[in-house]
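Working through the structure, step by step
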Amino acid sequence: MPGTDTAQQDRGVAGGVGLTALMVAAARAVETHRPDALARDVYAEHFVRAARASADWPVRPEEVPGGEADPLWGRLGRYFGLRTRVLDDFLLRQAYGGVRQVVLLGAGLDTRALRLEWPPGCTVFEIDQEEVLAFKHGALDALPAGDGPRAVRVPVAADLRHDWGAALTGAGFDPSAPAAWLAEGLLLYLPPEAERRLVDTVDRMSRAGSSVAYEVKLGIESAAVRHSPVYAEAKERIGVDLLALFDGEPRPDSAADLAGRGWSTTVRTPFHFTRLHGRGPLPERHDCLAANRWVFARRPGR
């Protein structure tokens, strides 16, 4: 049947949370081509064009109707660009501070192993479901060979809703050495019990000097916020129903959990970093970004 191979390749990103990975990749592609880009990812547009679901999505600012005023690729897109920059900086600080293991939890279409200027000796473990990793690797393999990544890139096929620690150590992760962990755009979609297990696993596998960064939403948003143009446009224009994907149960306070385990924690709003960088989304009335928090935690010592 025509298209069967393509359909098989796209299976990991054809719907659900996998489709959000393409949405974020499109936002990174648009951000890459802005003259004032906060982050650049030259691989992002290739993922967008490689999948049937996103083949006609914008990948450049001039392709965005309404530009910065567009709720989806303007405001939400700049949010993703800002988030990318902030978390890039977080990981590089850990690496240049001596950490040599980086773990991307729910890596999706993340290309940090390829595009960041890592110091020598770094390994980036990319954990996600097998079908997502297969799509990602297929898209990357179709590109001309470049100079290669500055870090060793290790894909780890695992479902983060279940036990994944053994798969990570089996791929070469060393629990006796410090690590930098990142859960970017992941915990919002996990059931609360899976989030608790994930935090417990990160804590158990982290030595002194380890750090973790992740994104959460505080509480259940009001009806007015749930009618935000961002949510409506994502659903109507690209078929990403974020509200349906967010887990609706009360969320655990993972920052407090980590603090209780001896980690030092810092919680920031995205708008803190908008002010810091001079670019990014600003607060609005009935704002779907108002409940978002970026958490940074470190296990003291070396």
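Report follows, based on the coordinates. Not measured: the values here are computed from a predicted model. Starting afresh in each chain, residues are numbered from 1 along the sequence in its written order. The model is predicted, so local features are restricted to residues of pLDDT at least 70 and side-chain atom pairs to those at 80 or more, both for listing and for counting; the totals for chains, interfaces and linings are taken over all residues. Water and hydrogen atoms were dropped before computing side-chain values, which therefore reflect all heavy atoms in the structure.

Details of the environment of Ser206
Rule in force here: What counts as a helix is a DSSP run of H or I of at least four residues, what counts as a strand is a run of E of at least two, and both are numbered from the N terminus. Contact definition: two residues touch when any of their heavy atoms are within 4.5 Å. Any N or O atom pair separated by 3.5 Å or less is treated as a polar contact, with the protein-specific requirement of one donor-capable and one acceptor-capable atom, and with residues adjacent in sequence counted only for side-chain atom pairs.
As for its placement among the helices and strands, Ser206 is situated in the loop between helix H8 (192–204) and strand S5 (211–217). Once the C-alpha coordinates of Ser206 and Leu218 are considered, the two residues, twelve residues apart in sequence, prove to be 26 Å apart. For Ser206, the contacting residues outside a window of four places in its chain are Trp181, Trp263 and Arg299. One polar contact links Ser206 to Trp181, side chain to side chain, over a distance of 2.8 Å.

Structural notes on the packing of helix H4 (residues 71–96) against helix H10 (residues 229–238)
Note the following rule: Structural elements are reduced to axes, namely lines fitted to C-alpha atoms, with helices fitted over the stretch in contact, and the angle between N-to-C directions of any two is expressed from 0 to 180 degrees. By definition in this entry, angles of less than 35 degrees are roughly parallel, angles greater than 145 are roughly antiparallel, angles of 65 to 115 are roughly perpendicular, and the rest are oblique. Left-handed describes a crossing in which the near helix is turned anticlockwise from the far one by less than a right angle; the clockwise case is right-handed. All amino acids are sorted into three groups, where Ala, Val, Leu, Ile, Met, Phe, Trp, Tyr, Cys and Pro are nonpolar, Asp, Glu, Lys and Arg are charged, and the leftover types, Gly among them, are polar.
One can describe the packing of H4 onto H10 by two numbers: an axis separation of 9 Å at closest approach and a directional angle of 125 degrees. In this view, H4 runs oblique relative to H10, as classed from their interaxial angle. Judged by the sense of rotation from one axis to the other, the crossing of H4 with H10 is left-handed. Residue-level inspection shows Pro71, Leu72, Trp73 and Leu76 of H4 in contact with H10, the latter providing Pro229, Val230, Glu233, Ala234, Arg237 and Ile238. Taken together, the residues of the contact of H4 with H10 sort by class into eight nonpolar, no polar and two charged.

What to know about the sheet that holds strand S7 (residues 292–298)
Where strands meet in a sheet, backbone hydrogen bonds hold them as pairs that are either parallel or antiparallel. Heads up, the condition is: The rule for pairing is simple: two strands pair if DSSP sees at least two bridges between them.
If you trace the seven strands from one edge of the open sheet to the other, you get S3-S2-S1-S4-S5-S7-S6, paired in mixed fashion. Here the strands that pair on one side only, and so sit at the sheet edges, are strand S3 (152–157) and strand S6 (264–268). The average undirected angle you get between the axes of adjacent strands in this sheet is 20 degrees. As paired elements, S6 and S7 share five bridges and run antiparallel to each other. Within S7, the residue paired with Val267 across the bridge is Val295. Across the sheet, helix H13 (residues 270–277) is in contact with S6 and S7; its angle to S7 comes to roughly 85 degrees.

Observations concerning the packing of aromatic side chains
Quick note on the threshold: What counts as a ring pair is set by centres within 6.5 Å for rings of Phe, Tyr and Trp (its six-membered ring), and what kind of pair is set by the plane angle: stacked under 30 degrees, edge-to-face over 60, tilted for all other angles. Relative accessibility under 20% of the residue-type maximum defines a buried residue, over 50% an exposed one, and the middle range a partly exposed one, all with a 1.4 Å probe and only protein chains included.
The final tally for this structure, using the stated rule, is eleven aromatic pairs. Centre to centre, the rings of Tyr79 and Trp294 are 5.6 Å apart; their planes meet at 50 degrees, and the pair counts as tilted. Within this pair, whereas Tyr79 is found in helix H4, its partner Trp294 is found in strand S7, the two being separated by 215 residues in sequence. Trp294 gets classed as buried once you look at its relative accessible area, which sits at 2%. Among the aromatic residues, those joined into a cluster by ring pairs are Tyr79, Phe80, Phe90, Phe273, Trp294 and Phe296.

A look at the pattern of salt bridges
Stated formally: For this document, the term salt bridge refers to a Lys or Arg side-chain nitrogen within 4 Å of an Asp or Glu carboxyl oxygen.
Per the stated rule, a full pass over the model turns up 31 salt bridges. Salt-bridge contacts for Arg78 lead to Glu31; the nearest nitrogen and oxygen are separated by 2.8 Å. Note that Arg78 is positioned in helix H4 and Glu31 in helix H2 (residues 16–32), a separation of 47 residues in sequence. Pair check on accessibility: Arg78 and Glu31 agree, each one buried. By sharing partners, the salt bridges in this structure join Arg83, Asp88, Asp110, Arg112, Arg115, Glu184 and Glu215 into a single network.

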